[in-house]
Amino acid sequence: MESPNHTSLDSSVFVLMGIPGLEQFHLWLSLPVCLLGTATVVGNITILAVIATEPALHKPMYLFLCMLSTVDLAASFSTVPKLLAILWCGAGHISASACLAQMFFIHAFCMMESTVLLAMAFDRYVAICHPLRYTTVLTDTIIARIGVVAMMRGSILMLPCPFLIQRLSFCQSHVIPHTYCEHMAVVKLACGDTRPNRVYGLTAALLVIGVDLFCIGLFYSLIARAVLRLSSHEARSKALGTCGSHVCVILISYTPALFSFFTHRFGHHVPLHIHILLANVYLLFPPALNPMVYGVKTKEIRERVVRVFQKGQGTGLKALE
């Protein structure tokens, strides 16, 4: 018979603490969070609007960028509203079902983003190493299928985690020392054998981060070999220039993710607030910076955005006249 101290997940209410040890700075920390959230919404909607309204940008590279912006927006909406509620007014209470839903969507969207980044690396590989086959390999049908695979991969890999957590009992504190319902932060509160949760979580992370990073590295090694074979310095610079934005986005996305992953599992002496800050950097910075990187480094997008603002300024001046 189950102990009366054991609580089923269905009747549970969790409390998200925010950033333990930095409670006095929560209001100040909300400022960069608010700025990053605003930049995410404005930047990614701008990217989507520019690509949607410019027929010349209806190419594989930009369609993949639309996928990335869509995933970034969805991931931001899954975290930022609750995070700001915690930092502004300490509204950390969250029902078990809402916690599991947030956990599923946050991790699933991160997996989808990784798949899209892999697809973008493949796009650059085909464009540079097999330019004559580019339009036949990356057709609209293939791009649509890649988008479906990215969505299904993230959803299917993450789907078992909420069910594995539902079988657990929570006989200790329901206070989650985190800003969102991170998988391992919730698992650590459970009683009983949590090894299946830990093993599956680690396996899913390795299947995504490990496999995708290996494939991205393979594609770029083939790209580097092809570029080095070019005789013209100008041709080499142009080929590498087309990869610059994607490489920056990869560094922005995977660097904090790897730091968060390794410190969470092996950095036992790292203070808890550092763990949580790294986890938030991983979720907040890439969606805000990705559109800036592509907006600055991609000539076609930059020129289109400039034209839109110039047209807006011209309309404003005419109205004043």
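As recorded in an unreviewed UniProt entry, the protein chain goes by Olfactory receptor and comes from Muntiacus reevesi. Of the comments in the UniProt record for the protein chain, the one headed Sequence similarities (unreviewed entry) reads "Belongs to the G-protein coupled receptor 1 family."

1. Brief notes about the packing of helix α2 (residues 60-89) against helix α3 (residues 96-129)
Between α2 and α3, the shortest axis-to-axis distance is 9 Å and the interhelical angle comes to 160 degrees. Taken together, the axes of α2 and α3 are roughly antiparallel relative to one another. Considering how the two elements wind past one another, α2 and α3 form a crossing that is left-handed. Here the residues of the contact of α2 with α3 are counted per class, giving 17 nonpolar, three polar and five charged.

2. Topic: the sheet that holds strand β2 (residues 93-95)
On the basis of which strands lie adjacent, the open sheet formed by three strands has the order β2-β1-β3 and mixed pairing. On the outer flanks of this sheet lie β2 and β3 (175-176), each paired with one strand and no other. In terms of strand pairing, strand β1 (residues 13-16) meets β2 through three bridges, oriented antiparallel. Within the sheet, the bridge partner assigned to Val15 lies in β2 and is His93. The strands touched by α3 within the sheet are β1, β2 and β3, with β2 carrying the most contacts at an inclination of about 90 degrees.

3. Structural notes on the UniProt feature "transmembrane region" (unreviewed entry) in the protein chain
The positions that UniProt labels "transmembrane region" (unreviewed entry) are, in the present scheme, residues 25-50, 62-88, 100-122, 142-165, 204-228, 240-262 and 274-294. Secondary structure content for residues 100-122 is 100% helix and 0% strand, and the end C-alpha separation is 33 Å.

4. Looking at the packing of aromatic side chains
According to the stated counting rule, one finds six aromatic pairs in the structure shown. Three or more aromatic residues joined by ring pairs form one cluster here, namely Phe104, Phe105 and Phe109.

5. Things to note about the side chain of Asp123
Inspection of the secondary structure assignment puts Asp123 in helix α3. For Asp123, a relative accessible area of 1% translates into the label buried. Beyond its immediate chain neighbours, meaning those up to four positions away, Asp123 contacts Pro60, Met61, Phe64, Tyr134 and Leu138.

6. Some thoughts on the nonpolar core
Of all hydrophobic cores here, the largest spans 40 residues; its most connected members are Phe64, Leu65 and Met120. Mapped by element, the contributors of at least two residues to this core are α1 (26-53), α2, α3, α5 (140-158), α8 (195-228), α9 (233-266) and α10 (272-297). When residues of this core are assigned to their parent elements, the largest contribution, nine residues, is made by α3. Sequence-distant contacts of Phe64, defined by excluding residues within four places in its chain, comprise Val116, Ala119, Met120, Asp123, Leu138, Ile143 and Ile146. Counting 31 residues, the second-largest nonpolar core is a separate cluster that includes Phe14, Leu157, Ala185 and Leu189.

Reading the values: rules and limits
Residues numbered from 1 in each chain as written. Predicted model: local features only at pLDDT ≥ 70, side-chain atom pairs only at ≥ 80, totals over all residues. Heavy atoms only, no water. UniProt positions renumbered as here; feature names shortened; annotations may be inferred. Axes fitted to C-alpha atoms, helices over the stretch in contact; angles between N-to-C directions. Helix = DSSP H or I, 4+ residues; strand = E, 2+ residues; numbered from the N terminus. Parallel < 35°, antiparallel > 145°, perpendicular 65-115°, else oblique. Left-handed = near helix turned anticlockwise from the far one by under 90°. Nonpolar A, V, L, I, M, F, W, Y, C, P; charged D, E, K, R; others polar. Pairing = 2+ DSSP bridges. Contact = heavy atoms within 4.5 Å. Phe/Tyr/Trp six-rings, centres within 6.5 Å; stacked < 30°, edge-to-face > 60°. Buried < 20%, exposed > 50% of the residue type's maximum accessible area, 1.4 Å probe, protein only. Core = buried A, V, L, I, M, F, W, Y, C linked by side-chain atoms within 4.5 Å.

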